[in-house]
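# Structure at a glance
In case you want the letters, here they are:
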Amino acid sequence: MSKKTILVVDDEQDLLDLIEYNLKNEGFNVIKAEDGVSAIHEAKNNPIDLVLLDIMMPKMDGLEVCNQMRSNADLKHIPIIFLTARGDEKTEVEGLDTGADDYITKPISTKKLISRIKAVLRRFSETEETTNKLIAHDLVIDRDRYIVTRDGEEFQLPRKEFELLYYLAGKKGKVRDRQTLLNKVWGDNIYVVDRTVDVHVRKIREKLGDHYIETVKGVGYRFKE
């Protein structure tokens, strides 16, 4: 198996060097960037398997980097983990809503950080291996291309919105509570709030209409039969 390449983005040089040293000891290739503009450049010009991204940086902050990557057809499927000193709930929700796959607050032990990186890479790899198409009502949910099609019109959803829709559509008619959805879509080792699910459901409804996903009060959501 080829080595995975991690793009580490942070404006603290000492932290960059420390993370690089430990990731290389674990068998990863590492590319470093000290600001958001450089991060986008490196992602476009190198085969990147995961981005470890700070939020507060010069030139372009991490949230904008994530937004730009999720809007780029060549970069949108790269897993992104925020590693930041900003631990407030508002910023965490905003970070996950931009399409990040995990949100880690500094300080964190190197051992735990590497464990979280491996978990995201493993989950992403499993998703890639099980890609296929799902037909639900008038929607064709294509997991090979991460595109939803309806009557010839294509909808490109951010990855977490897509995965949430795909999971619910695959369990048509069955109610799933928010914690189950967080575990299945975001992973059970990622600490996100219940509101994250609600925000993603709202965004899916804004794009596809509100007649696919039904709210079950006091419980969670289900894809209508």
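Residues numbered from 1 in each chain as written. Predicted model: local features only at pLDDT ≥ 70, side-chain atom pairs only at ≥ 80, totals over all residues. Heavy atoms only, no water.

Attention shifts here to the packing of helix α6 (residues 159–170) against helix α7 (residues 178–186). α7 packs onto α6 with a crossing angle of 120 degrees between their chain directions and a minimal axis gap of 10 Å. One finds that α6 runs oblique with respect to α7. Between α6 and α7 lies a crossing whose hand is right-handed. Facing α6, whose interface residues are Lys-160, Glu-163, Leu-164, Tyr-167 and Leu-168, α7 presents Thr-180, Leu-181, Lys-184, Val-185 and Trp-186. Per-class residue counts for the contact of α6 with α7 are six nonpolar, one polar and three charged. (Axes fitted to C-alpha atoms, helices over the stretch in contact; angles between N-to-C directions. Helix = DSSP H or I, 4+ residues; strand = E, 2+ residues; numbered from the N terminus. Parallel < 35°, antiparallel > 145°, perpendicular 65-115°, else oblique. Left-handed = near helix turned anticlockwise from the far one by under 90°. Contact = heavy atoms within 4.5 Å. Nonpolar A, V, L, I, M, F, W, Y, C, P; charged D, E, K, R; others polar.)

With that settled, consider the pattern of salt bridges. One side chain can pair with another of opposite charge once the charged atoms of both are near each other. Counting across every chain of the model gives 18 salt bridges. Between Glu-12 and Lys-106 there is a salt bridge, and its shortest N-O distance comes to 3.7 Å. In this pair, Glu-12 is assigned in the loop between β1 (5–9) and α1 (13–25) and Lys-106 in the loop between β5 (102–105) and α5 (110–129), connecting sequence segments 94 residues apart. Under the relative-accessibility criterion, Glu-12 is labelled partly exposed at 43%. Lys-106 is the salt-bridge partner of Asp-54, the closest N and O atoms lying 3.8 Å from each other. One end of the pair, Asp-54, is in the loop between β3 (50–53) and α3 (62–70); the other, Lys-106, is in the loop between β5 and α5, with 52 residues separating them in the sequence. Accessibility assignment for this pair places Asp-54 and Lys-106 in one class, buried. A cluster of three or more residues bridged by salt bridges with shared partners is formed by Arg-70, Asp-101, Arg-159, Lys-160 and Glu-163. (Salt bridge = Lys/Arg side-chain N within 4 Å of Asp/Glu carboxyl O. Buried < 20%, exposed > 50% of the residue type's maximum accessible area, 1.4 Å probe, protein only.)

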